[in-house]
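Next come the chains, spelled out residue by residue.
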Amino acid sequence: DTKQDPVIILGTGLAGYGLAREFRKHDSDTPLILITSDDGRSYSKPMLSTGFTKNTSADDLAQQDAGSMAKQLKASVWTMTEVSEIDTDKQVIKIGNAETSIHYGKLVLAVGAQVIQPPIEGDGLDRVYSVNDLLDYDDFRSAISQNNVKKVCIIGGGLIGSEFTNDLLNGGFEIEVVDPLAHCLPTLLPEVAGKAVQAALQASGAKFHFGPLVTAVNKADVGVTVSLNTGETISADLVLSAVGVRPRIDLAQASGLQTNRGIVTNRLLETSAPNVYALGDCAEVDGHVLVYVAPLMAAARALGKTLAGEPTEVQYPAMPVTIKTPACPVVVAPPAAGARGEWTVQADGNNVQAEYRDSSGNLLGFALTGEATKAKLALQKELPPIIG
Ligand code: FAD
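Residues numbered from 1 in each chain as written. Predicted model: local features only at pLDDT ≥ 70, side-chain atom pairs only at ≥ 80, totals over all residues. Heavy atoms only, no water.

## Focus on the domain arrangement of the chain
How big an interface is tends to be stated in terms of the accessible area lost upon association of its parts. Definition in use: As used throughout, domain bounds are those supplied by an automatic or database domain assignment.
Looking at the assigned domains, one finds that the chain contains domain 1 (2-114 + 245-307), domain 2 (117-241) and domain 3 (329-382). Measuring from the centre of the C-alpha atoms in domain 1 to the corresponding centre in domain 3 gives 33 Å.

In structure tokens, the structure reads:
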């Protein structure tokens, strides 16, 4: 009787818990197990980059612990437990050193994304932090208070680097940012818009180094010395590495699931193995890797129904991303990879409205900064869905 085989979800981030909630709306009986390698506290990850502005500790950000989540979801939540292997033929997952194995009826991978580690040398690497979950955040805040930190060097001027720049400036820290590309948010925004963000953050006190790579972080008498490939050096008390994330695909790959940039799924969120699904930052859904909250919520709604016996394809409407740089607010709907079109830009100081249109005039993407973010709703209506 497969009905009583549990649904097992790997991961208790917004995708894992979000899916569990959706599933329980349609099925309150099937045994449900969530397994996570962290402590299973429920929190909103986007809040990690507003914590110095709002002065929130990790405990403040934790909404509920694993025990209350389990109760609320009528589920078991196994914390600090790493799944090491999936046998997709026998429908079994193995835990830790593979001594424990559990049979699943349906398995969902919601294992998120991991931070990219830039190749950096030196004896000061223990002062290089990255913040990608609540435990990292707790470590970072402790390091800041224990080391009497006044100045932070941030590696990366993308979404996470720019948000932390603004947040740490609001927290009263001195900030220098290094990015090999030419302006803030280089992979998301056209140049004029990226420069508007840069100008606003500079006006708030940030210093930027665009072009160079960080090659080493070494201990100094006080704090660390960050070396760039141009020969320049930056002194700082602490370094925050924010060069981007990539979907966590190692477990899926080792278990023989089809992977590409992410764990490959179709519109039903099915992977290449029967009864195994994926969503959230780890998934590549019908060709799209979208490491944001709105897509994972859409996926959770569809998959919650599918797991309850009503196969439902995911719909991705246009989902503009709001970037939390209050010095210069940003909303961006990046054109799809491979889209053919051109940017047209209207700029008035730090207020930039950039529209990406094809040769027939159809809107395929946009980037808005400052006051121009007011145009978001009107433009969003004009965009085609990502998966219709
Ligand atoms: P995660 O939250 O990473 O969860 C992964 C889970 O899998 C964890 O519980 C982990 O312990 C578990 N796990 C991993 N491997 C295993 C294993 N082998 N066995 C068992 N468990 C495992 N998006 C927005 O849309 N707007 C924003 O403003 C925004 N701001 C952000 C700010 C920051 C600082 C960051 C880092 C991200 C931000 N994002 C934002 C992105 C957004 O937070 C993520 O897309 C989303 O939280 C991903 O959720 P997830 O559940 O897929 O992954």
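## With respect to the environment of valine 264
The test is simple: Numbering of helices and strands runs from the N terminus, with a helix taken as a DSSP run of H or I at least four residues long and a strand as a DSSP run of E at least two residues long. Contact criterion: two residues are considered in contact whenever any of their non-hydrogen atoms come within 4.5 Å of each other.
As for its position among the elements, valine 264 is in strand β18 (residues 263-265). With 96 residues separating them in the primary sequence, valine 264 and leucine 168 have C-alpha atoms 36 Å apart. The contacts of valine 264, once residues within four sequence positions are left out, are Gln258, Thr259, Glu270, Thr271, Ser272 and Glu284.

## Some thoughts on the sheet that holds strand β12 (residues 207-210)
In plain terms, the rule: In short, DSSP must find at least two bridges between two strands for them to pair. Geometry is summarised by axes, namely lines fitted to C-alpha atoms with helices restricted to the contacting stretch, and by angles between N-to-C directions that run from 0 to 180 degrees.
The strand order across the open sheet built from 5 strands is β9-β16-β10-β11-β12, with neighbouring strands paired in parallel fashion. On the outer flanks of this sheet lie β9 (128-129) and β12, each paired with one strand and no other. Looking at chain direction, strand β11 (residues 174-179) and β12 are connected through 4 bridges and run parallel. Note that in β12 the partner of glutamate 176 across the bridge is lysine 207. Sheet strands touched by helix α4 (residues 134-146): β9, β10 (151-155) and β16 (238-241). Its angle to β16, the strand with the most contacts, is close to 160 degrees. Strands in contact with helix α5 (residues 159-170) are β10, β11 and β16; relative to β10, the strand with the most contacts, it is inclined by about 170 degrees.

## Quick notes on helix α8 (residues 293-307)
An α-helix turns once per 3.6 residues; consequently, residues spaced three or four apart project the same way. Put simply, the test is: One less than the residue count of a helix, multiplied by 1.5 Å, gives the span that helix is expected to have. Exposure classes here rest on a 1.4 Å probe applied to the protein chains alone. A residue is buried below 20% of its type maximum, exposed above 50%, and partly exposed in between.
Compared with an ideal rise of 1.5 Å per residue, which puts 15 residues at 21 Å, α8 spans 21 Å between its outermost C-alpha atoms and is within 8% of the ideal. The complete set of buried residues in α8 reads Pro295, Leu296, Ala298, Ala299, Ala300, Ala302, Leu303, Gly304, Thr306 and Leu307. Looking at the buried side of α8, the elements it contacts are β1 (7-10), α1 (14-26), β7 (106-109) and β19 (276-278). Where α8 terminates, the next one or two residues include glycine 309, which has phi positive at roughly 105 degrees.

## Observations concerning the sheet that holds strand β14 (residues 224-228)
Strand order across the open sheet formed by 3 strands is β13-β14-β15, with antiparallel pairing between neighbours. The outermost strands of the open sheet, each flanked by one partner alone, are β13 (214-219) and β15 (233-236). Taking each pair of neighbouring strands and ignoring which way they run, the sheet shows an average axis angle of 20 degrees. Two elements, β13 and β14, share 5 bridges in a ladder whose sense is antiparallel. In the strand pairing of β14, lysine 219 is matched with valine 224.

## Some points on the environment of leucine 251
Along the chain, leucine 251 falls in helix α7 (residues 250-254). For leucine 251, a relative accessible area of 15% translates into the label buried. Once the C-alpha coordinates of leucine 251 and isoleucine 86 are considered, the two residues, 165 residues apart in sequence, prove to be 7.7 Å apart. Discounting chain neighbours no more than four positions away, the residues touching leucine 251 are Leu10, Val83, Ser84, Glu85 and Ile86.

## Some details on the packing of aromatic side chains
Which entries qualify depends on this criterion: Stacked, tilted and edge-to-face are the three classes assigned to paired rings of Phe, Tyr and Trp, where Trp is represented by its six-membered ring and a pair needs centres within 6.5 Å; plane angles under 30 degrees give stacked, over 60 edge-to-face, the rest tilted. By definition here, charges over rings are those cases where NZ of Lys or CZ of Arg is within 6 Å of the ring centre and within 35 degrees of the ring normal.
Tallied over the full model, the rule gives 6 aromatic pairs. Relative to phenylalanine 140, the ring of tyrosine 129 lies with its centre 6.1 Å away and its plane at 55 degrees, an arrangement referred to as tilted. Taken together, the residues span a long stretch of sequence, with tyrosine 129 in strand β9 and phenylalanine 140 in helix α4 at a distance of 11 residues. The rings of Phe52, Tyr129, Phe140, Phe164 and Phe173 are connected pair by pair, giving a single aromatic cluster. In this structure, arginine 141 packs its charged tip against the face of phenylalanine 52, placed 4.6 Å from the ring centre.

## A look at unusual backbone geometry
Positive phi, normally seen in glycine, also occurs at methionine 80, with a value near 50 degrees. Among the secondary structure elements, methionine 80 is positioned in the loop between β3 (76-78) and β4 (83-87). With a phi angle near 65 degrees, leucine 269 is a residue other than glycine that sits in the positive phi range. Within the secondary structure layout, leucine 269 lies in the loop between β18 and β19.

## As for the side chain of aspartate 27
As a reminder, the rule being used: Here a polar contact is taken to be a pair of N or O atoms separated by no more than 3.5 Å, where protein atoms must pair a possible hydrogen donor with a possible acceptor and residues adjacent in sequence count only if both atoms sit in side chains.
Residue placement: aspartate 27 occurs in the loop between α1 and β2 (32-35). You can call aspartate 27 buried: its relative accessible area is 11%. For aspartate 27, the side chain forms a polar contact with the side chain of threonine 30, separated by 2.6 Å.

## Re the site of the ligand
Worth spelling out the cut-off: Definition of nearness: a residue and a molecule or strand are near each other if at least one heavy atom of the residue lies within 4 Å of the molecule or strand. Exposure was quantified through the Shrake-Rupley algorithm and a 1.4 Å probe, taking into account, for residues, occlusion by the shown protein chains and nothing else.
Close to the ligand lie 32 residues, the nearest being Ala15, Lys45, Asp281, Val293 and Lys324. Note that an oxygen atom of the ligand is positioned 3.0 Å from one of the side-chain N or O atoms of serine 37. Within the side chain of lysine 324, one N or O atom sits 2.5 Å away from an oxygen atom of the ligand. Protein chains shield 91% of the accessible area of the ligand, which is 1,000 Å² for the free molecule. Those elements that place two or more of their residues in the shell around the ligand are α1, α5 and α8. Top element by residues in the shell around the ligand is α5. It accounts for 3 residues.

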